Amino acid sequence: MDSNVSIGVTHMTNCLKALSDQTRLIMMKLFLEKEYCVCELVDMFEMSQPSISQHLGKLKKAGFVHENRKGQWRYYSINTLCPEFETIRMILNQIDKEDDLLKRVQHNGTNVSCS
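None of these values were measured; they are calculated from a predicted model.

Rules used in this analysis
Residues numbered from 1 in each chain as written. Predicted model: local features only at pLDDT ≥ 70, side-chain atom pairs only at ≥ 80, totals over all residues. Heavy atoms only, no water. Salt bridge = Lys/Arg side-chain N within 4 Å of Asp/Glu carboxyl O. Helix = DSSP H or I, 4+ residues; strand = E, 2+ residues; numbered from the N terminus. Buried < 20%, exposed > 50% of the residue type's maximum accessible area, 1.4 Å probe, protein only. Contact = heavy atoms within 4.5 Å. Axes fitted to C-alpha atoms, helices over the stretch in contact; angles between N-to-C directions. Parallel < 35°, antiparallel > 145°, perpendicular 65-115°, else oblique. Nonpolar A, V, L, I, M, F, W, Y, C, P; charged D, E, K, R; others polar. Pairing = 2+ DSSP bridges.

Novice: Sorry if this is basic, but what is going on with the pattern of salt bridges here?
Specialist: For side chains of opposite charge, pairing can occur when their charged atoms come near one another. Within this structure, the stated rule accounts for seven salt bridges. Its salt-bridge partner being Glu 35, residue Lys 70 comes within 2.7 Å of it at the nearest N-O pair. Here the residue Lys 70 occupies a position in strand E2 (residues 65–70), and Glu 35 occupies one in the loop between helix H2 (22–31) and strand E1 (36–37), the gap between them amounting to 35 residues. Between Arg 69 and Glu 67 there is a salt bridge, with the nearest N and O atoms lying 3.2 Å from each other. Classification of Glu 67 as partly exposed rests on a relative accessible area of 24%. Salt bridges here are not isolated pairs; linked through shared partners, they connect Lys 60, Glu 67, Arg 69 and Arg 74.

In structure tokens, the structure reads:
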């Protein structure tokens, strides 16, 4: 994707609104690395499946994530083709890798397996 893509004010506002929640922001940070199953995210964030699905629905509606179905499981990954991707990546790269909340969520994911 061209890093010189211009985004209108409405699209930028919607982008920032979608990322304004810390759960969605951390999800997007995680999606930079790999795709995750909903069940993994439930354990990682210590939230209910409906809450996780609600966050994923907002990210999907914004066009920021892909949903990939594998049998009964749904996996999510970042949409690198969305017009806002470079802006999103720039924002996500500003998050400290040693952030306590990010590290806790990542640690919670070490024991999760969907099968």
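Novice: Looking at this structure, how should I read unusual backbone geometry?
Specialist: In terms of backbone geometry, most residues other than glycine have negative phi values and most peptide bonds are trans. At Glu 46, a residue that is not glycine, the phi angle is positive and equals roughly 55°. One can find Glu 46 in the loop between helix H3 (38–45) and helix H4 (49–62). Judged by its relative accessible area of 58%, Glu 46 is exposed.

Novice: Honestly, the environment of Tyr 36 in this entry has me stumped. Any pointers?
Specialist: Relative to the helices and strands, Tyr 36 resides in strand E1. The buried category is assigned to Tyr 36, whose relative accessible area is 10%. Taking the C-alpha atoms as reference points, Tyr 36 and Tyr 76, 40 residues apart in sequence, are found 5.4 Å from one another. Discounting residues that sit within four places of it in the chain, Tyr 36 has contacts with Leu 30, Phe 31, Leu 41, Met 44, Arg 74, Tyr 75 and Tyr 76.

Novice: Even after reading the chapter, I still don't get the packing of H2 against helix H5 (residues 85–92), so can you show me in this structure?
Specialist: Helix packing for two helices is described by the angle between their axes and how far apart those axes are. Running from N to C, H2 and H5 cross one another at 100°; their axes reach a closest spacing of 10 Å. One finds that H2 runs roughly perpendicular with respect to H5. Where H2 abuts H5, its residues Leu 25, Met 28 and Lys 29 lie against Ile 88, Ile 91 and Leu 92. Residue classes in the contact of H2 with H5 are distributed as five nonpolar, no polar and one charged.

Novice: Would you explain the sheet that holds E1 in this entry?
Specialist: In sheet architecture, strand pairing relies on hydrogen bonds along the backbone and comes in two forms, parallel and antiparallel. The strand order across the open sheet built from three strands is E1-E3-E2, with neighbouring strands paired in antiparallel fashion. Of all the strands in the sheet, just E1 and E2 have a single pairing partner and so form its edges. Across two bridges, E1 lies against strand E3 (residues 73–78) in antiparallel orientation. Bridge pairing in E3 places Tyr 36 opposite Tyr 76. In the packing of H2 onto the sheet, contacts are made with E1, E2 and E3, and the angle to E3 comes to roughly 85°.

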